[in-house]
Amino acid sequence: MTVNDERANAVENAAQPEASDEHLQKIWDRVVGRRAFLRQAGLASAVAVPASAIVASGAGAKVLGRARDQPTKGDFAILRFLCAAEIIESDLWEQYAGFGGQASAGRPNDGQNGFYVSALENLDSDMPQYISDNTDDEESHQAFINGYLMSKGQRPVSLEPFRTLSPSQATGGGTKKRLTNLTGLNVDTSWYLRYRAVTNPDFGATFGQAVTIKNQPVIPVSDAETPPGDTESAPPIPADPVQQRMQAIANSAGFHFAMIEQGGSSLYTTMSLKATSLEVLRIVVAIGGVETNHFSLWHDKAGNAVADPLAGVTDPKTGTTFPNLNTGSEATQTNLILPEPCEFIPGLPDCSVVRPTIDALAGAQAAVAALTADGLFNGQSDDFFRFIKRLARDADAAKREIG
Ligand SMILES: [Fe+2]
Ligand SMILES: [Fe+2]
């Protein structure tokens, strides 16, 4: 194995997102600061080794590497894209947490916007805690994958050169420049119908939108419009347009949470089928399982936006409205959140599975296309799209090299 994978370098050089020593060290520090990781990797004695030295010398590979089961170039391409996806996830979840999370010793700046918090709590009183925990998970995913890449002599993935978007001006937005834009999303809600169906998009099934959410903010965008000190009435929500607006923003966020995490469930499953190294497969499957865990939680919470007593909320500004999905067909019943068995392997019985899991619908390039259509990258540079698409192409091109 070479110290730096040539293909990965070619990708990096295309957009010049060179990780500075300082940034690289920061990532490494976060990884080795986790005692559990150290124990598992047997790396406790390597804490004092500068990250740059490990990358430069390949010492990380010697410490962590195994004689057999070395990752292939395809494995590294998979992990590089997944790491970029986790950095993107971290960026959007950090915004949600800043506005609506639960402040704690570890995350003292979470939950800054009381009005947003109380609207989220109308969906479930534990929403702030779940948001902060989900954010922790994403941050651990990206730090771990970068740590793993570095331990194998690979350069870490950095999107820092693309951190150029202005944060929301509302209380809780902070001052840090962002990678993602949560101020005007087209939230794809078809997952709600897909996981209740016996048909599978991998075999051509298509699904409409459970709720139409277009050009909709999912975080507060202005203190003038949604004063952070205001409070949300307990449901049912009154006709006060300021409260209606904030509740619609929170409801839309609830659907977006699930959209993001079901996408992660499909992406990781799809990538696992391309991995060669058993260790890389373990990483992809183990992190992917947590994405699915997140999805299931958010699926349940989103359902509360389209059930009594919250159903009927309409955003007076965007017109986004949340119908009662318990009054129509049983197929949309809000407590049917566990996946319905569906077509899986032709000729065999239906099975309750993650779907889709084919490249065209759930591979890396499909994920980039879906997030772009979502509006998550509105305002991002051409260089960003070139960089992320190239990582995605390389990940999709990976093939399992067994047998
Ligand atoms: Fe993640
Ligand atoms: Fe996730």
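These numbers come from a predicted model, not from an experiment.

(A) A look at the overall build of the chain. Scanning the chain from N- to C-terminus turns up 14 helices and two strands. Taken across its 403 residues, the chain has 50% of its residues classed as buried.

(B) Representation of the environment of A366. As for its placement among the helices and strands, A366 is situated in helix α13 (residues 364-374). The buried category is assigned to A366, around which 20 C-beta atoms lie within 10 Å. Beyond its immediate stretch of four places on either side in the chain, A366 contacts A360 and L361.

(C) The nonpolar core, seen in detail. Membership of the largest hydrophobic core comes to 89 residues, with the highest contact counts inside it found for I78, L79, F81, A84, V284 and A395. For this core, the leading source of residues is helix α6 (residues 73-100), giving 16 residues. Every residue in contact with F81, bar those within four places of it in the chain, is listed here: A364, L391, A392 and A395.

(D) Molecular detail of the environment of E291. Looking at where E291 falls in the secondary structure, it is placed in helix α11 (residues 278-303). Given 25 C-beta atoms within a 10 Å radius, E291 is considered buried. In this structure, the C-alpha to C-alpha distance between E291 and N134, residues 157 residues apart in sequence, is 9.3 Å. Leaving out residues up to four positions away in the same chain, E291 has contacts with E261, G264, S265 and Y268.

(E) Layout of unusual backbone geometry. Along the chain, P235 connects to P236 via a cis peptide bond; the corresponding omega equals 0 degrees. Summarising the element assignment, P236 is placed in the loop between β2 (213-216) and α10 (241-272). The amide bond that connects D308 to the next residue, P309, takes the cis arrangement and shows omega of 0 degrees. Looking at the element boundaries, P309 is found in the loop between α11 and α12 (359-362). Of note in the backbone geometry, N215 takes a positive phi value of approximately 45 degrees without being a glycine.

Thresholds, definitions, all that
- Residues numbered from 1 in each chain as written.
- Chains lettered and ligands numbered in written order.
- Predicted model: local features only at pLDDT ≥ 70, side-chain atom pairs only at ≥ 80, totals over all residues.
- Helix = DSSP H or I, 4+ residues; strand = E, 2+ residues; numbered from the N terminus.
- Buried ≥ 20, exposed ≤ 12 C-beta atoms within 10 Å, placed from the backbone.
- Contact = placed C-beta atoms within 7 Å.
- Core = buried A, V, L, I, M, F, W, Y, C linked by C-beta atoms within 7 Å.

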